[in-house]
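Listed below are the residues making up each chain.
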Amino acid sequence: MARQGAFAALTLAAALAAPSCTGPAPRGAVGDLQVSTMLDITATVPWEGDLATVVFTIRNTTKNYVILRDLTYLADPGLKESASAAATWQFGQPGKLSYNADGNEWAYDRSKKNDVTAAVFNSGLLAPTEALTVRTRIRLLGMPKYFQLLYFELPLDKIRSDVYFEARQDREIRYRALIGLDLAARLTPEPNPEAVKHRTVLYPFAERVQPNASIKPLKVESELRPRAFSLPDAVRKTGGSAVEQYTYCASLQAWILKRGAEFSLVTPAAVTPLPLLRQMDRTFYFIDHVGVDKIEIQLMDDQVASYLQLEKKYTVVPQKRPGEMKYFLFLQVLDLPRFFGDIRSSTMRMAIDVEMTPEGGGRLRVVH
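Keep in mind that this is a model prediction, so the values were computed, not measured.

Overview of the packing of aromatic side chains
Line of reasoning, step 1. In this structure the tally under the stated criterion is 14 aromatic pairs.
Line of reasoning, step 2. Here tyrosine 73 and phenylalanine 147 contribute two aromatic rings whose centre-to-centre distance is 5.3 Å and whose plane-to-plane angle is 55°, an arrangement assigned as tilted. Of this pair, tyrosine 73 sits in strand S6 (residues 65-73) while phenylalanine 147 sits in strand S14 (residues 145-154); the two residues are 74 residues apart in sequence, bridging distant segments of the chain.
Line of reasoning, step 3. With a centroid separation of 4.8 Å and 70° between ring planes, the pair formed by tyrosine 248 and tryptophan 255 is classed as edge-to-face.
Line of reasoning, step 4. When its relative accessible area of 3% is taken as the criterion, tyrosine 248 is described as buried.
Line of reasoning, step 5. Accessibility expressed as a relative area gives 0% for tryptophan 255, which makes it buried.
Line of reasoning, step 6. In textbook terms, an aromatic cluster arises when at least three aromatic residues are bridged by ring pairs, as seen for Phe91, Tyr108, Phe121 and Tyr175.
Line of reasoning, step 7. Taking NZ or CZ as reference, arginine 338 lies 4.3 Å from the ring centre of tyrosine 314, over its face.

A few points about the pairing of strand S15 (residues 164-169)
Line of reasoning, step 1. As paired elements, S15 and strand S17 (residues 201-202) share two bridges and run antiparallel to each other. Residue pairing for S17: phenylalanine 165 is matched across the bridge by valine 201.
Line of reasoning, step 2. As judged from the five bridges shared by S15 and strand S16 (residues 172-176), these two strands associate in the antiparallel manner. By the bridge assignment for S16, arginine 168 is matched with isoleucine 173.
Line of reasoning, step 3. In sequence, S15 turns back onto S16 through a hairpin of two residues, with aspartate 170 there showing a positive phi of about 55°.

Thresholds applied
Each chain has its residues counted from 1, running along the sequence as written. Residue-level local features of this predicted model are given only where pLDDT is at least 70; pairs of side-chain atoms are given and counted only at 80 or more, and the full residue set underlies all totals for whole chains, interfaces and linings. To obtain the side-chain values, all non-hydrogen atoms of the structure were used and water was disregarded. Aromatic rings from Phe, Tyr and Trp, with only the six-membered ring used for Trp, were paired whenever their centres fell within 6.5 Å, and each pair was classed as stacked if the ring planes differed by under 30 degrees, edge-to-face if by over 60, and tilted otherwise. Strands here are runs of E lasting at least two residues and helices are runs of H or I lasting at least four, both read from the DSSP assignment and numbered beginning at the N terminus. Burial status follows relative accessibility: with a 1.4 Å probe on protein chains alone, a residue under 20% of its type maximum counts as buried, one over 50% as exposed, and anything between as partly exposed. Whether a charge sits over a ring depends on NZ of Lys or CZ of Arg being within 6 Å of the ring centre and within 35 degrees of the ring normal. Two strands qualify as a pair provided that DSSP identifies no fewer than 2 bridges between them.

As structure tokens, this is what we get:
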């Protein structure tokens, strides 16, 4: 759950081995791309295992122009996590781009299919002194957390020759190389780093224009308040043998442990065996992200729906779609341990999966 409140400063290292620094980068500094990081929380010291929003402010303090590509969260081997994109500014779009050499411009038609490799659109062009802000959520376990920022740094002459700016006329969308006052107007720095929409440009064949993106490693650290019922306590309560993977669910105040093909949800009061979890860390990330709202659960076939409705007395909601019938449950978070237990106890060998959308929504899925 994103919580508004005071910002607690995190430390950020410009490189993994570099000395760490705290708070915003100085506005007057020139030379490197600078990133300041804050943790959006209400408490001075956050709790171990909570989800928290990390706010990155990326400022171009170079004399050149910067085109951001990706901010990537690097997997933590200790947590058996997967690397994931925290933000991306470089993307392909459906439609056809046609190059006009005489006018040195691209025509973009959304209604046509592109018959060649899609050109690269980008929404992360930063002029010197300009900044933008991006947010991502992380689980506060296994600190510190590591990210890397990939970007291209281009002098003004490369902006003139390699970057095309959107021009709309009636229903036509074109991307043109600009010069003079037209280019200067497009490159005027946006003073607000929280601006919703930065300039979108066409930066075709970015990897060919500059074969290697620059990489800025980032390390995020924070002091954490330990849980009274700790991970070692949970391990001892379940027999003491080493665990392969673990995470925490703040909504259930529980540790989730994996040993081989066995999963368990552990609180001071009980150990609940869990069904197979296809994406353990993402499942409980999603549950904590939803928070107090009801969890949507899709039952992937008729047999699963019948079992849960007739034998376990859940309220199954059918939704008829053209050519198919879909089945859903809507449960409070505190009902999930019982639900997971019912899935685990079935002879149908069911598993729990999760589907998440870029907008932050999603659902659990019961498959077998």
